[in-house]
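Residues per chain, in single letters:
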Amino acid sequence: KRFSEPKEQRRPWKIWFYDTSKQAVGALFIHFYNVFLSSRTEEDPCFLYLLNFILDTTLGMLLIWLGVKVVSRIVQRKKYKYLLFGEYG
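Residues numbered from 1 in each chain as written. Predicted model: local features only at pLDDT ≥ 70, side-chain atom pairs only at ≥ 80, totals over all residues. Heavy atoms only, no water.

Chemist: Just to check I follow, could you spell out the overall build of the chain for this structure?
Modeler: From N to C terminus, the chain includes two helices and zero strands. Taking 12 Å as the expected radius of gyration for a compact globule of 89 residues, we find that the chain reaches 18 Å, considerably beyond that expectation. Its C-alpha atoms put the chain at 50 × 35 × 15 Å along the principal axes. Across the 89 residues in the chain, those meeting the buried criterion constitute 8%. When the accessible surface of the chain is summed, it comes to about 8100 Å², and 67% of that surface belongs to carbon and sulfur atoms. A gap of 16 Å separates the mean positions of the 14 positive and 8 negative side-chain charges of the chain. (Helix = DSSP H or I, 4+ residues; strand = E, 2+ residues; numbered from the N terminus. Rg over C-alpha atoms; globule rule 2.2 N^0.38 Å. Buried < 20%, exposed > 50% of the residue type's maximum accessible area, 1.4 Å probe, protein only. Areas by Shrake-Rupley, 256 points an atom, 1.4 Å probe, with all protein chains shown as cover. Lys, Arg positive; Asp, Glu negative; His and termini not counted. Charge placed at Lys NZ, Arg CZ, Asp CG, Glu CD.)

Chemist: Please explain the pattern of salt bridges as it appears in this structure.
Modeler: Two side chains with opposite charge may pair up if their charged atoms get near one another. Under the defined criterion, the tally for this structure stands at three salt bridges. Taking the shortest distance from any N to any O, the salt bridge between Arg11 and Glu5 comes out at 2.9 Å. In this structure, Asp19 engages Lys22 in a salt bridge whose closest nitrogen and oxygen atoms are separated by 3.8 Å. You can see Asp19 and its partner Lys22 sitting in helix H1 (residues 13-39), three residues apart, about one turn around the helix. Given the relative accessible area of 16%, Asp19 is considered buried. Shared partners join several salt bridges into a network, and the residues in it are Glu5, Arg11, Asp19 and Lys22. (Salt bridge = Lys/Arg side-chain N within 4 Å of Asp/Glu carboxyl O.)

Chemist: How should I be thinking about the packing of aromatic side chains in this particular structure?
Modeler: Pairs of aromatic rings are described using the distance from one ring centre to the other and the angle between the two planes. Taken as a whole and judged by the stated rule, the model has three aromatic pairs. Between Phe3 and Trp13, the aromatic rings sit 6.0 Å apart at their centres with planes inclined by 65°, giving edge-to-face as the arrangement. Separated by ten residues along the polypeptide, Phe3 in the segment before H1 and Trp13 in helix H1 bring together distant segments of the chain. Ring geometry for Trp13 versus Trp16: centroids 5.5 Å apart, planes at 80°, classification edge-to-face. Pair noted here: Trp13 and Trp16 are both in helix H1, with a separation of three residues, about one helical turn. (Phe/Tyr/Trp six-rings, centres within 6.5 Å; stacked < 30°, edge-to-face > 60°.)

Chemist: What's the story with helix H2 (residues 45-78) in this structure? I'm lost.
Modeler: Every α-helix carries 3.6 residues per turn, so stepping three or four residues along brings you back to the same face. Taking 1.5 Å of rise per residue, the 34 residues of H2 would be expected to cover 50 Å, and the 46 Å separating its terminal C-alpha atoms lies within 8% of that figure. Approximately 35° is the largest bend angle found in H2, and it occurs at Asp56. Directly after H2, the chain includes Lys79, whose backbone phi takes a positive value near 60°. (Expected span 1.5 Å × (residues − 1). Bend = angle between axes of the 7 residues up to and from the residue.)

Such coordinate-based values are descriptive only and should not be taken to indicate function.
Next comes the structure, spelled out in structure tokens:
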């Protein structure tokens, strides 16, 4: 993905690593959480895993998007320069 960005707009390696590692850790956490939840039931574990995955990728993404919007507005109003999303100093 990094190499598909225009060369003059590419993020430095350090920032790219921060962005991708957050996504990887989050995906890993959700995967193991879904496996754990699906193994704790008498129902079909594959169906519950799929249901959790679909809810995470739809409702979960909506909640994350809303959370980012709310926090971004608070940061702009309070003029917190160290809490801007995507800014690593």
